[in-house]
Amino acid sequence: RSEYGKLVLEALDRVQRDNGLSLYAALDASKAIERSKNLAEKFIQKALKIAEELPDAIGRDIIIKIIDEQLERKF
């Protein structure tokens, strides 16, 4: 197991006692959170590009608004 894998497993054992703070710290140290956010942003940008190609209608505007809100979402 990797160093970070060991930290995550140990943090999982403590998740109830520290409200997940040690798990968050282990995932943050491994850059997993940052990589996940970057990947999510790529998919959101791809979805936005596809949505912008939809026919001009009220449904399109709603879809684009929903996608835009995901970019602003706090994880």
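For every chain, the first residue of the written sequence is number 1, and numbering continues from 1 onward in sequence order. This being a predicted model, a pLDDT of at least 70 is required before a residue's local features are given, and a value of 80 or more before pairs of side-chain atoms are given or counted; all residues contribute to the totals for chains, interfaces and linings. Each side-chain value is derived from all of the structure's non-hydrogen atoms; neither hydrogens nor water enter the calculation.

Regarding its fold elements, the protein presents four helices and zero strands. Put simply, DSSP marks the helices as runs of H or I at least four residues long and the strands as runs of E at least two long, and each gets a number from the N terminus on. Element order for the protein, N to C, with α for helix and β for strand: α-α-α-α. Note that the radius of gyration is over C-alpha atoms, with the globule rule given as 2.2 Å times the number of residues to the power 0.38. In terms of C-alpha radius of gyration, the protein reaches 18 Å, well past the compact-globule figure of 11 Å for 75 residues. Burial classes follow relative accessibility: with a 1.4 Å probe on protein chains only, a residue under 20% of its type's maximum area counts as buried, one over 50% as exposed, and anything between as partly exposed. With 75 residues in all, the protein has 20% of them scored as buried. Any two residues having at least one pair of non-hydrogen atoms within 4.5 Å are treated as being in contact. Residue pairs at least 24 apart in sequence account for 24% of intrachain contacts in the protein once pairs closer than 6 positions are excluded. Residue burial considers only the protein chains on display, and all accessible areas are found by Shrake-Rupley using a 1.4 Å probe. Working note: accessible area of the protein is about 6,200 Å², and carbon and sulfur atoms make up 56% of it. In the protein, which carries 14 positive and 14 negative side-chain charges, the distance between the mean positions of the two groups comes to 6 Å. The convention is simple: Lys and Arg are positive, Asp and Glu are negative, and His and the chain ends are not counted. Charged side chains are reduced to one point each, which is NZ for Lys, CZ for Arg, CG for Asp and CD for Glu.

Okay, the nonpolar core next. Across soluble globular proteins, nonpolar side chains show a tendency to be buried alongside one another. We call a set of buried Ala, Val, Leu, Ile, Met, Phe, Trp, Tyr and Cys residues a nonpolar core when their side-chain atoms join them within 4.5 Å. Ile-44, Leu-48, Ala-51, Ile-64 and Ile-67 together form the largest nonpolar core, which totals five residues. Among the elements of the structure, α3 (32-52) and α4 (58-72) are those that each provide at least two residues to this core. Of all the elements, α3 adds the most residues to this core, at three residues. Those residues in contact with Ala-51, other than ones at most four positions away along the chain, are Arg-60, Ile-63, Ile-64 and Ile-67.

Two packed helices can be described by the angle between their axes and the distance between those axes. Packing of helix α1 (residues 3-14) against helix α2 (residues 21-29) leaves a shortest axis separation of 8 Å and a crossing angle of 165°. Looking at the two axes, α1 sits roughly antiparallel to α2. The handedness of the crossing between α1 and α2 comes out as left-handed. Mapping the contact onto sequence places Tyr-4, Leu-7, Val-8, Ala-11, Leu-12 and Arg-14 in α1 and Ser-22, Leu-23, Ala-26, Leu-27 and Ala-29 in α2. Of the residues belonging to the contact of α1 with α2, the class tally is nine nonpolar, one polar and one charged. Fitted lines through C-alpha atoms give the axes, limited to the stretch in contact for helices. The angle between two N-to-C directions lies from 0 to 180 degrees. Between 65 and 115 degrees an angle is taken as roughly perpendicular, under 35 as roughly parallel, over 145 as roughly antiparallel, and anywhere else as oblique. Left-handed describes a crossing whose near helix is turned anticlockwise from the far helix through less than a right angle; right-handed describes the clockwise counterpart. Throughout, the ten residues Ala, Val, Leu, Ile, Met, Phe, Trp, Tyr, Cys and Pro are labelled nonpolar, Asp, Glu, Lys and Arg are labelled charged, and all others, Gly among them, are labelled polar.

One way to put it is that α3 packs onto α4 with a least axis distance of 10 Å and a crossing angle of 165°. Between α3 and α4, the crossing angle belongs to the class labelled roughly antiparallel. Handedness of the crossing formed by α3 with α4: left-handed. Across the interface between the two elements, Glu-41, Ile-44, Gln-45, Ala-47, Leu-48, Ala-51 and Glu-52 from α3 touch Arg-60, Ile-63, Ile-64, Ile-67, Asp-68, Gln-70 and Leu-71 from α4. Of the residues that constitute the contact of α3 with α4, the class distribution is eight nonpolar, two polar and four charged.

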